[in-house]
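Architecture and fold: a report
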Amino acid sequence: MRFVNTLPLILSLGAVLGSAAAWALPSDRDQPIRIQADSAELDDRQGVAVYRGDVIITQGTLKITGDTVTITQTASGDIDVFTSVGNLAYYEQKPAVDKDIVKAYGKTIQYFASNERIVLIDQAKVIQEGNTFEGEKIVYDTRRQIVNAGRATGGNVSTPRPRIDMVIQPKNKPADQQQ
């Protein structure tokens, strides 16, 4: 375990957190990143940083919380995956100035930087503008803006949900179109 030369890992963290563009306020990526945790273990040789104990990561409107957050890098030093685990892990971000904050929950939240994909596993829930999307597993491709939800496979799920559950709010019509 090394605690020197961690600047590349922290700078890479900024790149990954700022790249979730579909759920991100454009000015977020220009904001400083703040990481709060009870402890941190940074291994530059392996390209892994592990933050433990009521972890809170913020950058602009972005907020990620969890009991443990692990960030891994590729051999070239780019962020590969960050994983937040908790009961429940939490993600929020304001996608645009005129939009409400998107909130996401799950026992595990993973962000895959290379293909801009967010995966929520076990008690997964996304809330945006009053609409909710719940299931065992939710995968959001931020690049293509596609959401897939369904059963989680291969792991233990604390709360099995054989079906997804969505609530979609009606769109407000302008006053001149209502009768």
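Please read all numbers here as calculations on a predicted model, not as lab measurements.

With that settled, the discussion passes to the packing of aromatic side chains. Counted by the stated rule, this structure contains two aromatic pairs. Aromatic side chains Tyr-90 and Tyr-105 sit 5.0 Å apart centroid to centroid with 45 degrees between the ring planes, which places their arrangement in the tilted category. Separated by 15 residues along the polypeptide, Tyr-90 in strand β5 (residues 79–93) and Tyr-105 in strand β6 (residues 102–112) bring together distant segments of the chain. Overall, the relative accessible area of 24% leaves Tyr-105 in the partly exposed class. A cation over an aromatic ring shows up here: Arg-117 above the ring of Phe-112, its NZ or CZ 4.5 Å from the ring centre.

Our focus in this paragraph is unusual backbone geometry. At the junction of Asn-87 and Leu-88, the peptide bond is cis and its omega measures out at 5 degrees in the coordinates. Relative to the assigned elements, Leu-88 resides in strand β5. In the Ramachandran plot, Asp-122 falls in the positive-phi region, its phi being about 70 degrees despite a non-glycine side chain. Structurally, the position occupied by Asp-122 is in strand β7 (residues 117–128).

This part covers the environment of Gly-53. By the element assignment, Gly-53 lies in strand β3 (residues 48–59). Sequence separation between Gly-53 and Asp-38 is 15 residues; the distance between their C-alpha atoms is 4.8 Å. Those residues in contact with Gly-53, other than ones at most four positions away along the chain, are Ala-37, Asp-38 and Asp-67.

This next bit is on the pattern of salt bridges. A side chain of one charge can pair with a side chain of the opposite charge when the charged atoms of the two come close. Inspection of every chain in the model, using the stated rule, returns three salt bridges. The shortest N-O distance in the salt bridge between Glu-41 and Arg-52 comes to 3.7 Å. One end of the pair, Glu-41, is in strand β2 (residues 39–43); the other, Arg-52, is in strand β3, with eleven residues separating them in the sequence. In this structure, Lys-99 and Glu-129 form a salt bridge, with 3.9 Å as the shortest nitrogen-oxygen distance. Linking Lys-99 in the loop between β5 and β6 with Glu-129 in the loop between β7 and β8 (131–141), this pair joins segments that are 30 residues apart in sequence.

This next bit is on the pairing of β2. Of the strand pairs in this sheet, β2 and β3 are connected by five bridges, and their pairing is antiparallel. Within the sheet, the bridge partner assigned to Glu-41 lies in β3 and is Val-50.

What counts as what
Residues numbered from 1 in each chain as written. Predicted model: local features only at pLDDT ≥ 70, side-chain atom pairs only at ≥ 80, totals over all residues. Heavy atoms only, no water. Phe/Tyr/Trp six-rings, centres within 6.5 Å; stacked < 30°, edge-to-face > 60°. Helix = DSSP H or I, 4+ residues; strand = E, 2+ residues; numbered from the N terminus. Buried < 20%, exposed > 50% of the residue type's maximum accessible area, 1.4 Å probe, protein only. Lys NZ or Arg CZ within 6 Å of the ring centre and 35° of its normal. Contact = heavy atoms within 4.5 Å. Salt bridge = Lys/Arg side-chain N within 4 Å of Asp/Glu carboxyl O. Pairing = 2+ DSSP bridges.

Keep in mind these numbers describe shape, not what the thing actually does.
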